[in-house]
Amino acid sequence: MHFGFDSFYILIPVGPPMRRRPVDFRRPARRRFSKVFWFTLCGVLSLIGFALFGRERGSTSTSAMVKRYYRRNKFMEGINITEEMLSPHSITRQLNDQIALAKALIVIAKESNNLQFAWELSGQMRHSQLLLSNAATREIPLTGTESEIAIRDMAFLLYQADQLHYDSATLIMRLKSRIESLQELVRSVSEKSTKYGQIAAEEVPKSLYCLGITLTVEWFRNTDFQRKLNGGNQIADKLKDNSLYHFCVFSDNILATSVVVNSTASNSINPNLVVFHIVTDNINYAPMNAWFSMNTFRGLIIEVQNFEAFSWLNASYVPVLKQLQDSDTQNYYFSGNNDDSQTPIKYRNPKYLSMLNHLRFYIPEVFPSLDKVVFLDDDVVVQKDLSPLFSIDLNGNVNGAVETCMETFHRYHKYLNYSHPIIRAHFDPDACGWAFGMNIFDLVEWRKRNVTGIYHYWQEKNIDRTLWKLGTLPPGLLTFYGLTEPLDPHWHILGLGYTTVDQQLLQNGAVLHFNGNSKPWLKIGMGKYKLLWDKYVDYSQPILQQCNVH
């Protein structure tokens with residue numbers, strides 16, 4: 001049997017059309033709480049927060065109070081204060097306040113020359129202090145009965161002080177006046193100290209006078225000294241031998257020059273190659289010769305010259321000698337009456353016109369046969385062998401010196417008058433200064449550059465003392481400007497005559513310089529450095545003991 005799908009039908013009854021409900025994708029509605037519920041919840045949370053905050057705050061407050069109480073107790077222990085003094089009705093504190101005020105008023109009363117009132121205040125203050133002391137001893141606070149009289153009497157005196165206008169303003173004015181008068185006194189004392197210190201530095205001790213006179217007598221009494229010093233042609237040849245180490249000292253101080261020579265000889269590796277040229281004045285020529293004839297310094301060759309015997313040293317050639325003939329210059333240096341003493345005494349020291357100071361600018365003329373020389377001041381001590389100085393290359397310069405511009409004070413503007421147009425035009429105010437006292441001079445370059453002529457030029461320009469006032473260093477700075485080769489600082493240590501010097505510098509220094517007023521041969525010398533100088537003086541020598549040199 002075959003059934004075909006083509007003829008198979010199903011009949012479905014037709015009725016009205018049916019509608020499908022659309023799918024709802026919305027979230028089911030939440031259940032809402034009433035406003036009352038939310039207000040209630042907020043209130044409960046607020047109460048809980050306040051409760052927690054209050055507990056924490058209470059805990060913090062308690063801790064802070066404990067700490068404050070502890071600090072207060074410690075403070076009270078430190079200043080010896082009691083509970084009674086903290087009371088608003090404290091009698092002890094009232095007495096202490098009165099005593100503090102009385103102390104200030106006593107000062108004012110004394111300043112006002114009211115000594116009777118000051119005495120009464122002092123007496124009442126001591127009485128109040130005694131009451132406080134007794135109360136502290138028995139550890140019982142003062143009562144109103146026992147302190148009433150003291151408080152009343154002190155109050156009466158304080159009222160009197162008020163009537164006398166002893167107030168804070170008066171105290172301030174009087175103290176200010178007192179301070180000004182004390183400052184004026186300090187200024188006056190400082191000026192006197194400087195003046196007397198300068199005088200003490202310039203005076204020659206009696207012992208050195210004695211030494212000079214005694215040696216002069218010995219020189220003329222003993223002709224062997226003269227023959228020993230001259231030494232014949234062999235010594236004369238060495239004085240001109242440029243293969244040797246030549247040193248020069250210009251001084252009228254026999255003992256100081258002896259220390260320079262002795263310290264150089266003691267520390268020299270080859271003392272037989274060292275030649276010392278000493279130049280002094282006519283007065284000290286004989287005693288200086290006698291001293292160096294009596295003493296040997298490890299075979300050093302020593303020459304003593306008298307600068308007053310130099311024929312070329314005259315007023316027509318030397319500006320300083322020409323200035324000495326000027327009446328204004330003589331008045332400035334020797335009378336000091338031309339400017340009502342406005343110029344400090346140190347600027348008026350006649351030694352600054354001494355040819356022994358200015359001979360350093362004429363070294364080629366003094367030693368015409370020498371090519372190189374080391375110049376030493378008479379207030380130095382030599383601690384090292386100085387022969388390496390002669391092999392230093394000066395790079396075509398004339399002067400080898402240690403610079404002193406580590407501090408601002410030692411630059412050119414501190415030595416020269418830069419308000420003068422000629423100084424401003426030629427010199428850098430911040431150029432580095434250097435020191436005389438240990439210098440190596442190339443005399444060949446000196447002569448080639450006519451350095452002495454440069455010195456003469458500046459001395460002539462400064463005849464009215466408007467370019468500089470003090471000493472030989474300012475003209476030296478002008479003369480050797482651009483002609484100075486800096487040396488290693490250890491070669492020359494300065495300051496032993498006026499300040500404290502680092503111990504390391506003292507140990508490593510080749511030359512120690514006692515520049516300043518406190519020279520080691522004076523009573524005002526700095527004791528802590530005097531031993532560095534003393535070790536080169538043989539105080540056991542009869543002639544030194546005879547003159548009480550110590």
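For the structure, check the block above.
An account of the accompanying structure is given in this report. (Residues numbered from 1 in each chain as written. Predicted model: local features only at pLDDT ≥ 70, side-chain atom pairs only at ≥ 80, totals over all residues. Heavy atoms only, no water.)

1. Topic: the overall build of the chain
When you go through the chain residue by residue, the secondary structure sums to 22 helices and nine strands. Burial status across the chain gives 42% buried among its 550 residues. Across the chain, contacts joining residues at least 24 apart in sequence account for 74% of those joining residues at least 6 apart. About 33300 Å² of surface is accessible on the chain, with carbon and sulfur atoms providing 56% of the total. (Helix = DSSP H or I, 4+ residues; strand = E, 2+ residues; numbered from the N terminus. Buried < 20%, exposed > 50% of the residue type's maximum accessible area, 1.4 Å probe, protein only. Contact = heavy atoms within 4.5 Å. Areas by Shrake-Rupley, 256 points an atom, 1.4 Å probe, with all protein chains shown as cover.)

2. Notes on the sheet that holds strand β7 (residues 438–442)
If you walk across this open sheet you meet the seven strands as β3-β2-β1-β4-β7-β6-β8, and the pairing is mixed. Bordering the open sheet on either side are β3 (301–306) and β8 (484–486), each of which pairs with just one other strand. Direction aside, the axes of adjacent strands within the sheet are offset by 25 degrees on average. One ladder, built from two bridges, connects strand β6 (residues 399–401) with β7; its direction is antiparallel. (Pairing = 2+ DSSP bridges. Axes fitted to C-alpha atoms, helices over the stretch in contact; angles between N-to-C directions.)

3. Things to note about the layout of surface pockets
Vacant regions in the atomic arrangement are exposed by a probe of water-molecule size rolled over the atoms. Roughly 450 Å³ of internal volume is contained in the second largest pocket. Taken together, 20 residues form the lining of the second largest pocket, with Pro205, Lys206, Ser207, Trp521 and Lys523 sitting closest to its centre. Of all the secondary-structure elements, those providing two or more residues to the lining of the second largest pocket are α7 (206–221) and α21 (527–534). Among the elements that line the lining of the second largest pocket, the one with the most residues is α7, at three residues. (1 Å grid on protein atoms, 1.4 Å probe; cavity = no way out; pocket = protein on both sides within 12 Å on 5 of 7 lines; lining within 4 Å. Points joined across faces, edges and corners; volume = space filled by probe spheres on them.)

4. Details of empty space enclosed by the protein
Tallied over the entire structure, the rule returns two cavities of 30 Å³ or more. Looking at the second largest cavity, the residues that line it are Tyr245, Phe247, Thr264, Ser268, Val274, Asp385, Leu386 and Ser387. Taken together, the residues of the lining of the second largest cavity break down into four nonpolar, three polar and one charged. (Nonpolar A, V, L, I, M, F, W, Y, C, P; charged D, E, K, R; others polar.)

5. Notes on the packing of α7 against helix α11 (residues 282–294)
Interhelical geometry of α7 versus α11 gives an angle of 75 degrees and a closest axis separation of 8 Å. By the angle class used here, α7 and α11 are roughly perpendicular. For the pair formed by α7 and α11, the contact residues are Leu211, Gly212, Leu215, Thr216, Trp219 and Phe220 on the first element and Ala286, Pro287, Asn289, Ala290, Trp291, Ser293 and Met294 on the second. (Parallel < 35°, antiparallel > 145°, perpendicular 65-115°, else oblique.)

6. A closer look at the state of the cysteines
For the coordinates displayed, the defined rule picks out two disulfides. Here Cys210 engages in a disulfide with Cys547; their sulfurs sit 2.1 Å apart. Since a negative S-S torsion denotes a left-handed disulfide, the Cys210-Cys547 link at about -70 degrees is left-handed. Note that Cys210 is positioned in helix α7 and Cys547 in the segment after α22 (542–546), a separation of 337 residues in sequence. Take Cys547: its relative accessible area is 4%, and that puts it in the buried class. The partner cysteine of Cys405 in its disulfide is Cys432, sulfur to sulfur 1.8 Å. Here the disulfide of Cys405 and Cys432 is left-handed, its torsion about the S-S bond being about -95 degrees. With Cys405 in the loop between β6 and α16 (421–426) and Cys432 in the loop between α16 and β7, this residue pair connects regions lying 27 residues apart in the sequence. (Disulfide = S-S within 2.5 Å.)

7. A short note on the pattern of salt bridges
A complete count under the given rule lists nine salt bridges for this structure. Between Arg360 and Asp377 there is a salt bridge, with the nearest N and O atoms lying 3.4 Å from each other. Of this pair, Arg360 sits in the loop between α14 (355–358) and α15 (363–366) while Asp377 sits in the loop between β4 (372–376) and β5 (380–382); the two residues are 17 residues apart in sequence, bridging distant segments of the chain. Exposure class is identical for Arg360 and Asp377. Each is buried. (Salt bridge = Lys/Arg side-chain N within 4 Å of Asp/Glu carboxyl O.)

Treat this as a map of the structure, not an account of what it does.
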